[in-house]
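Understanding the architecture of this molecule
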Amino acid sequence: MSTPTQSPIQIRRKLIAGNWKMNKTAADGAALTKEIVEQVGRETAVDTVVCPPFTALESVRHVLEGQAVKLGAQNMHAEKNGAFTGEISAEMLRAHYVTHVILGHSERRQYFGETDALVNKKVLAALANELRPILCVGETLAEREGGKTLEVVKTQTEAALAGVKPEQITSVIIAYEPVWAIGTGKVATTAQAQEVHAFIRSLLTALYGAALAQKVRILYGGSMKPANAPELLAQPDIDGGLIGGASLEAKSFVDLVKAAMAAS
Ligand code: PEP
C-alpha cells in the first residue's frame, strides 16, 4: 500500500493563542485559565497558548501545570538585564515557564514606538532564550487603501527576521494582523487573509527555502471569532489565530480551539 503524501496543512499543527492585553488580574486570569483547561487542557491536536499580562503569569502558570496549554507573554525587552525601568527580560519570562512571547504587536508599534529594528532585536533575544516569538506584522487601513499591504508586510517580516538562522525559523510563529481588523469587528475576508499569508510564506521560501517555509505557522489575527474562524482556518496558509477580544471568555476561546481542531 502506498503511503499518502502529507499535505502542507498536516505538516503544521494549528495554533490558537489568546492575547489578553491589559485585562485580567492574577486571580481573574487563573479563573479564566481554569475554565479553559477544564475543556481543552489535555488537547494535543491543536497547540493552545494563553498570554496574560506579566502580573498574572505566575497564577496562570500554576493552573497550567500538567496541561497541554502553554504560557505566553505579550512583550519583553531585548536586553538581558540592566537599567531599563519597568521592563522584563527573556530570562525572567523563562523563569516563569513562559514558552511563547508576542512581539511587534501593532499596539506596541503604535503606542510605544516599537520599530522594525527593535522588534528584530527582541526576536533574536527571544530565540536565544528558547522562547518562541509570535511575531506580528500587518498594514494599517491607510496602507491597505494605498495598495501598500504587501510592501508593508514584506518590510516588517524581513526586518524582524534579520539574523534568524535557518535552524531557528521553525520556532518563529508569524501572526498576520491587519491593524484595521484588530478590535474593530472588521475581519479580513478569507481571500484577503489567504493572499497575505501565502505572500508571507513566499517571503519565507525566498529566505529559508520551501521545506522550512512549509513548517512555519502563520496565524491570522483581527476580530477572529467562533463564527468566522472555520472559513479562515480552512485556508491553506492560515495555521491558526491570534485572538484578542474572544480570548477573554472561556466559551469563545474554547470554541476557537474546537474550530482549529475541526480544521486540522
Ligand atoms: C490582537 O490584538 O492581537 C487581536 C487579534 O485582537 P482582536 O481579536 O480583538 O481583534
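Residues numbered from 1 in each chain as written. Predicted model: local features only at pLDDT ≥ 70, side-chain atom pairs only at ≥ 80, totals over all residues. Heavy atoms only, no water.

Before going further, it helps to examine the overall build of the chain. Per the secondary structure count, the chain includes 12 helices and 8 strands. Along the first, second and third principal axes, the C-alpha atoms of the chain reach 45 × 45 × 40 Å. Residue burial in the chain is summarised as follows: out of 264 residues, 51% are buried. Restricting to contacts in the chain with at least 6 residues of sequence separation, those with at least 24 account for 73%. With an accessible surface of roughly 11,900 Å², the chain has 55% of that area assigned to carbon and sulfur atoms. A gap of 3 Å separates the mean positions of the 27 positive and 27 negative side-chain charges of the chain. (Helix = DSSP H or I, 4+ residues; strand = E, 2+ residues; numbered from the N terminus. Buried < 20%, exposed > 50% of the residue type's maximum accessible area, 1.4 Å probe, protein only. Contact = heavy atoms within 4.5 Å. Areas by Shrake-Rupley, 256 points an atom, 1.4 Å probe, with all protein chains shown as cover. Lys, Arg positive; Asp, Glu negative; His and termini not counted. Charge placed at Lys NZ, Arg CZ, Asp CG, Glu CD.)

Estimated volume of the largest pocket: approximately 390 Å³. Every residue along the wall of the largest pocket is listed here: Asn19, Lys21, Met22, Pro53, Phe54, Gln74, Asn75, His105, Glu107, Arg108, Tyr111 and Phe112. Here the lining of the largest pocket gets 4 residues from one element, more than from any other, and that element is helix α5 (residues 106–112). A class-by-class count of the residues in the lining of the largest pocket yields 5 nonpolar, 4 polar and 3 charged. (1 Å grid on protein atoms, 1.4 Å probe; cavity = no way out; pocket = protein on both sides within 12 Å on 5 of 7 lines; lining within 4 Å. Points joined across faces, edges and corners; volume = space filled by probe spheres on them. Nonpolar A, V, L, I, M, F, W, Y, C, P; charged D, E, K, R; others polar.)

Near the ligand lie 14 residues; those nearest to it are Lys21, His105, Glu177, Gly183 and Ser223. Between an oxygen atom of the ligand and a side-chain N or O atom of Lys21, the distance comes to 2.6 Å. For the ligand, the accessible surface in isolation is 300 Å², of which the surrounding protein chains cover 97%. (Near = heavy atom within 4 Å. Polar contact = N/O pair within 3.5 Å; in protein donor to acceptor, adjacent residues only side chain to side chain.)

It is worth spelling out empty space enclosed by the protein at this point. In total, this model carries 1 cavity of 30 Å³ or more according to the counting rule given. Put simply, the largest cavity is a space of about 40 Å³. What lines the largest cavity is Gly104, His105, Ser106, Arg109, Cys136, Val137, Gly138, Gln156, Glu177 and Val179. When residues of the lining of the largest cavity are traced back to their parent elements, those giving at least two are α5 and β5 (132–137). Of the residues in the lining of the largest cavity, the class split is 3 nonpolar, 5 polar and 2 charged.

Turning next to the nonpolar core. Membership of the largest hydrophobic core comes to 67 residues, with the highest contact counts inside it found for Met76, Leu135, Leu161, Ile200, Leu204 and Tyr220. Discounting chain neighbours no more than four positions away, the residues touching Leu135 are Leu103, Arg109, Val119, Val123, Ala160, Leu161, Val172, Ile173, Ile174 and Ala175. Residues Leu15, Cys51, Ile102 and Leu242 belong to the second largest nonpolar core, which totals 11 residues. (Core = buried A, V, L, I, M, F, W, Y, C linked by side-chain atoms within 4.5 Å.)

Between helix α8 (residues 149–160) and helix α9 (residues 190–208), the least distance of the axes is 10 Å, while the angle of their chain directions is 40°. Considering their axes alone, α8 and α9 lie oblique with respect to each other. Pair α8 / α9 crosses with right-handed handedness. Each of Thr149, Leu150, Val153, Lys154, Thr157 and Glu158 in α8 lies in contact with α9, whose residues at this interface are Glu195, Val196, Phe199, Ile200, Leu203 and Leu207. When the residues that make up the contact of α8 with α9 are grouped by side-chain class, the tally is 7 nonpolar, 2 polar and 3 charged. (Axes fitted to C-alpha atoms, helices over the stretch in contact; angles between N-to-C directions. Parallel < 35°, antiparallel > 145°, perpendicular 65-115°, else oblique. Left-handed = near helix turned anticlockwise from the far one by under 90°.)

On to the pattern of salt bridges, then. Under the definition given, this model contains 16 salt bridges. Taking the shortest distance from any N to any O, the salt bridge between Asp47 and Arg13 comes out at 3.4 Å. Here Asp47 is found in strand β2 (residues 47–51), whereas its partner Arg13 is found in the loop between α1 (8–11) and β1 (15–19), with 34 residues between them in sequence. With a relative accessible area of 26%, Asp47 lands in the partly exposed category. (Salt bridge = Lys/Arg side-chain N within 4 Å of Asp/Glu carboxyl O.)

Turning our eyes to something else, we now look at the packing of aromatic side chains. Following the criterion strictly, the structure yields 1 aromatic pair and no others. Above the ring of Phe112, the side-chain terminus of Arg108 is found at 4.0 Å from the ring centroid. (Phe/Tyr/Trp six-rings, centres within 6.5 Å; stacked < 30°, edge-to-face > 60°. Lys NZ or Arg CZ within 6 Å of the ring centre and 35° of its normal.)

Successive residues of a regular strand alternate their side chains across the two faces of the sheet. Counting buried residues in β2 gives 4 out of 5 residues, a clear majority hidden from the surface. In the sheet, β1 pairs with β2 via 5 bridges, with the strands oriented parallel. The partner of Leu15 across the bridge, within β2, is Asp47. Following the backbone out of β1, through helix α2 (residues 26–40) and into the adjacent parallel β2, one traces a crossover that is right-handed. Bridging between β2 and strand β3 (residues 70–73) involves 2 bridges; their strand directions are parallel. Each residue of the ladder has a partner; that of Val50, found in β3, is Leu71. (Pairing = 2+ DSSP bridges. Right-handed = clockwise from strand over helix to strand, strands pointing away.)

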